[in-house]
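# Understanding the architecture of this molecule
Here is how the chains run, residue by residue.
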Amino acid sequence: MNRRWMWLAVALMVGVAGCDRKDPPDPKSEAPPAAKVENEGDSNLVKVDHPEQYPVATASKHAFSSELSVNGSVQPDVARNVPVISLASGRVVEIHARLGDEVKKGQLLMKVQSTDISGAFSDYRKAVVAEQLARTQLERAKIVFDKGAIAKKDLETAQSLEDSAVVDVETTKEHLRVLGVDADHPTAIVDIFAPISGVIVEQNITAAGGVKTLDNSPNLFTISDMSTVWVVCDVYENDLAAVHVGEYADLRLNAYPGKVFKGRISNIGPILDPSLRTAKVRLELENPGTMRIGMFVTATFHSQTQEMRATVPATAVLHLHDRDWVYTPVAGGRFKRVEVSGGKMLEGGLQEVLSGIQPGAQVVVNALVLQNAAEQ
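Residues numbered from 1 in each chain as written. Predicted model: local features only at pLDDT ≥ 70, side-chain atom pairs only at ≥ 80, totals over all residues. Heavy atoms only, no water.

## Details of the environment of Ser118
Turning to its location among the elements, Ser118 is positioned in helix 3 (residues 115-146). Residue classification places Ser118 among the partly exposed positions, given a relative accessible area of 37%. Here the alpha-carbon distance between Ser118 and Ile189, two residues 71 residues apart in the chain, equals 8.9 Å. (Helix = DSSP H or I, 4+ residues; strand = E, 2+ residues; numbered from the N terminus. Buried < 20%, exposed > 50% of the residue type's maximum accessible area, 1.4 Å probe, protein only.)

## Brief notes about the environment of Asp324
Note on placement: Asp324 falls in strand 19 (residues 323-330). In the structure, Asp324 is positioned 19 residues away from Gly343 in sequence and 9.9 Å away in space, judged by C-alpha atoms. What Asp324 contacts, discounting residues up to four positions off in sequence, is Val317, Leu318, His319, Val338, Glu339, Val340, Ser341 and Gly342. A distance of 3.2 Å separates the side chain of Asp324 from the backbone nitrogen of Gly342, its partner in a polar contact. (Contact = heavy atoms within 4.5 Å. Polar contact = N/O pair within 3.5 Å; in protein donor to acceptor, adjacent residues only side chain to side chain.)

## Observations concerning a nonpolar patch on the surface
A surface patch of nonpolar side chains, amounting to about 320 Å² of accessible area, comprises Ile85, Leu87, Val178 and Leu214. In this structure, Val178 sits in helix 4 (residues 152-179). (Patch = residues over 30% accessible without salt bridge, like charges linked within 9 Å, V, L, I, M, F, W, Y side chains within 5 Å. Areas by Shrake-Rupley, 256 points an atom, 1.4 Å probe, with all protein chains shown as cover. Salt bridge = Lys/Arg side-chain N within 4 Å of Asp/Glu carboxyl O.)

## Quick look at the packing of helix 3 against helix 4
Across the interface, helix 3 lies against helix 4 with an axial gap of 8 Å and an inter-helix angle of 160 degrees. Comparing their axes, helix 4 and helix 3 come out roughly antiparallel. Along this stretch, helix 3 crosses helix 4, giving a crossing that reads as left-handed. Class assignment for the residues of the contact of helix 3 with helix 4 results in 19 nonpolar, four polar and nine charged. (Axes fitted to C-alpha atoms, helices over the stretch in contact; angles between N-to-C directions. Parallel < 35°, antiparallel > 145°, perpendicular 65-115°, else oblique. Left-handed = near helix turned anticlockwise from the far one by under 90°. Nonpolar A, V, L, I, M, F, W, Y, C, P; charged D, E, K, R; others polar.)

## Points about the sheet that holds strand 5 (residues 81-84)
One open sheet holds the four strands; their spatial order is 5-12-10-7, and the pairing between them is antiparallel. Only two strands of the sheet have a single partner each, and these edge strands are strand 5 and strand 7 (102-103). Relative to strand 12 (residues 221-224), strand 10 (residues 198-203) is paired through four bridges, and the arrangement is antiparallel. Opposite Glu202, over in strand 12, you have Thr222 as the bridge partner. (Pairing = 2+ DSSP bridges.)

So, in structure tokens, the structure goes:
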């Protein structure tokens, strides 16, 4: 009996000690209850217990002009390409320019030693001598005619010979001028000068090379005036309705990503590439001095008409499974996932919505948070 009371006393002491011990607080019990999400029958429809935890925003309006971006390259204006030629054949004895050089109008490019020049000088000197003789004979004929020693027809013959000799002198002198030499300074060397200021974009001659006649010789040089250049773009057949002659486009060069140039559409090619189904669209613009032939260009054409589109916070657009979505609130604490077509990013953390919702619609500000909650 005494042993039974002893075990009862021990049990009471253990119970009292257990009552004095305090368990540490559970931090989860102090946090607000998590929003309970229930999936409805529609996979795009979710229901939450606390919809106020997901703030919404109203889609605003944004005036939008449709854009078309295509690729192109800088090319010279062919109307400003001037060939450098020599009308005298011969051999190059000096060359003072090369491909890629920037030259000024009247700058010496090369010297050519030509037998054509020597022959032209010979013809000129013979013509001068013949004219002097014809003039002397005419003067003598006039004196004799005045004394009645010759007939008038003989005087007319002497006058005709003098006139023909004068023509020969003028013709041979002009021939020398065309060949590029001065009749008063006999030489077998002809200087070739730059006809315009620009950049040498083609060179087909080197030092000691031969210069042939025009009928079978390529241009010695080709100089391009780079003050105005072309940008030639490829536009697909389906997009041709968006470009019109006379309109302007924004041009961005890979070499200068921070600068935007303006080019005017001057021509839309009448022939399509049969394999690519593209047309050549040519834009003209003044060269600020930084554009070079062959530079890669991205041209953006803007529509002349404006459309109104919805804009929402960028965080409201959820990119999921290669599609864009937004969540819109519906009755009963539910949200519906709506597929949209997202547009370009705007200032202020906004994004265009091309289709799916209209301005004035309400969307969840942070769609990713709601999506994560729905997947738990």
